[in-house]
Protein chains: 2
Amino acid sequence: MARAPTTSDVFNAIAEPRRRQIIELLTQHKQLAVGAIVLALGLPQPAVSKHLGVLREVGLVTVSKQGQSRVYEVQHEQLRSVYDWVKMFERHWDHQLDRIRARAEKRALEQKTQPDLPGTGVEPV
Amino acid sequence: MARAPTTSDVFNAIAEPRRRQIIELLTQHKQLAVGAIVLALGLPQPAVSKHLGVLREVGLVTVSKQGQSRVYEVQHEQLRSVYDWVKMFERHWDHQLDRIRARAEKRALEQKTQPDLPGTGVEPV
DNA sequence: GAATTATATTCCCATATGGGAATATGTCAA
DNA sequence: TTGACATATTCCCATATGGGAATATAATTC
């Protein structure tokens, strides 16, 4: 099998940095025409249209015609699947940080106990 | 330019469902040898090894040799970049849900006010 | 209708994919 | 050493990518 299409789900769609930028932009401005996005990102118009197409296919944005321009809007709910997935692991990196902090404190304590011992000349990280 | 490699960052690495499964598995069991993952996922061993390779390259897992098997472990901190990014939009889908709820309540109220009016025969969604 | 503006679509290509199949590497045991 | 086991690597291929370039479509104005 080949790599899953970018349009297959939200995870694949947001893997592309430019598409994340577009989502951020649309979050700030609520609504934007394609031209505005082109200006903001400095990408060629066809590239932007294609990215918007991907985002549309996974439901991350919606369009509405407005004169001769098309106005895009984010649908943030679609990001919940990603959010829910990563959130599963929140407490794990908290614990990890705790461990790191604990080690740092222990190290600091040892520093106080026996300070400035001439050693290998290699400083601990 | 072509699509960014799966190893280019965490976003690309976790776009693949099997790799997310591996992360979930390693979260449950703290440590697992490749063989155990192969059994759990029912994937061919080379496929698993390759997925682990991608996860290793982006720092999402670490290995340690243990006899003739290699034991993998998740490094959840690497998921923070993803978490931080989606979390930016948390309040937005909350608001969206509020709006949906508000609309539902408004609709319910209207139902009570003028119930069972003979209409078009088309029920509102 | 013709010209202009805004956006989408098509065709191109270098690059990567995930899994299949086969093989290489590494580690233990006898 | 030889063999058995665990894992990684290599080669293969159909499929998709993101952007470049050019073109098609659609709406507006003259």
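Our subject is the structure listed above.
Predicted, not measured: the structure shown is a model, and the values here were computed from it.

**Q** Account for the protein's contact with DNA strand C, naming residues and giving values.
**A** Close to DNA strand C lie 29 residues; Met1(A), Gln45(A), Ser49(A), Tyr72(A) and His51(B) are nearest. When the atoms of DNA strand C within 4 Å of the protein are sorted by group, sugar and phosphate make up 59%. At a separation of 2.5 Å, a phosphate oxygen of DNA strand C approaches a polar side-chain atom of Tyr72(A). In the model, a phosphate oxygen of DNA strand C is placed 2.8 Å from a nitrogen or oxygen of the Thr6(B) side chain. Per-element accounting of the surface near DNA strand C gives the leading share, five residues, to helix α4 (residues 45–57) of chain A. For the surface near DNA strand C, the per-class residue count stands at ten nonpolar, nine polar and ten charged.

**Q** Give me the environment of Ser69(B): which residues, what numbers.
**A** Residue and element names in this part refer to chain B. Within the secondary structure, Ser-69 sits in strand β3 (residues 69–74). On the accessibility criterion, Ser-69 (32% relative accessible area) is partly exposed. Sequence-wise, Ser-69 and Ala-33 are 36 residues apart; in three dimensions their C-alpha atoms are separated by 6.2 Å. Beyond its immediate chain neighbours, meaning those up to four positions away, Ser-69 contacts Ala-33 and Ser-64.

**Q** Would you mind going over the protein's contact with DNA strand D in detail, with residue names and values included?
**A** By nearness alone, 26 residues border DNA strand D, and His51(A), Met1(B), Gln45(B), Ser49(B) and Tyr72(B) come closest of all. Within the side chain of Thr6(A), a nitrogen or oxygen atom sits 2.8 Å from a phosphate oxygen of DNA strand D. The backbone of Gly35(B) places a nitrogen or oxygen atom 2.7 Å from a phosphate oxygen of DNA strand D. Within the residue set of the surface near DNA strand D, elements represented by two or more residues are α2 (17–29) and α4 of chain A together with α3 (34–41), α4 (45–57) and β3 of chain B. Take the surface near DNA strand D: its biggest share by element is four residues, from α4(B). Classifying every residue of the surface near DNA strand D gives ten nonpolar, nine polar and seven charged.

**Q** Run through the interface of chain A and chain B, naming residues and quoting values.
**A** Each partner contributes to the interface: chain A provides 31 residues, whereas chain B provides 31 residues. Buried surface at the junction of chain A and chain B, summed over both partners, amounts to about 3,100 Å²; 66% is from carbon and sulfur atoms. Of all residues in chain A, Arg3(A), Tyr83(A) and Trp93(A) bury the most surface against chain B, accounting for 23% of the area lost on that side. For the pair chain A and chain B, the number of links is zero salt bridges. Our count for the contact surface shared by chain A and chain B stands at ten residue pairs in polar contact (both at pLDDT 80 or more). Of all the secondary-structure elements, those providing two or more residues to the side of chain A that touches chain B are α1 (10–13), α2, α5 (80–87) and α6 (90–113) of chain A. Of the residues in the side of chain A that touches chain B, the class split is 15 nonpolar, seven polar and nine charged.

Analysis parameters
- Along each chain, numbering runs from 1 in the same order as the chain's sequence is written.
- Just so you know, chain letters begin at A and ligand numbers begin at 1, following the order they were written in.
- Reporting in this predicted model follows two pLDDT cut-offs: at least 70 for local features of residues, and 80 or more for side-chain atom pairs to be given and counted; totals over whole chains, interfaces and linings ignore these cut-offs and use all residues.
- Just so you know, side-chain values use all the structure's heavy atoms and leave hydrogens and water out.
- Any residue with a heavy atom positioned within 4 Å of a molecule or strand is treated as near that molecule or strand.
- The term polar contact refers here to a pair of N or O atoms within 3.5 Å; inside protein, the definition further demands a hydrogen-donor-capable atom paired with an acceptor-capable atom, and it admits residues adjacent in sequence only when both atoms are side-chain atoms.
- What counts as a helix is a DSSP run of H or I of at least four residues, what counts as a strand is a run of E of at least two, and both are numbered from the N terminus.
- In the scheme used here, Gly and all other residues not listed as nonpolar or charged are polar, with Ala, Val, Leu, Ile, Met, Phe, Trp, Tyr, Cys and Pro taken as nonpolar and Asp, Glu, Lys and Arg as charged.
- Burial here depends on accessible area, computed with a 1.4 Å probe over protein chains only, as a share of the maximum for the residue type. Under 20% is buried, over 50% is exposed, and the range in between is partly exposed.
- Contacts: residue pairs with any heavy atoms within 4.5 Å of one another.
- Two parts lose some accessible area (1.4 Å probe) when they are put together, and adding that loss for both gives the buried area.
- The salt bridge definition used is simple: a Lys or Arg side-chain nitrogen within 4 Å of an Asp or Glu carboxyl oxygen.

Any link to function would need more than the numbers given here.
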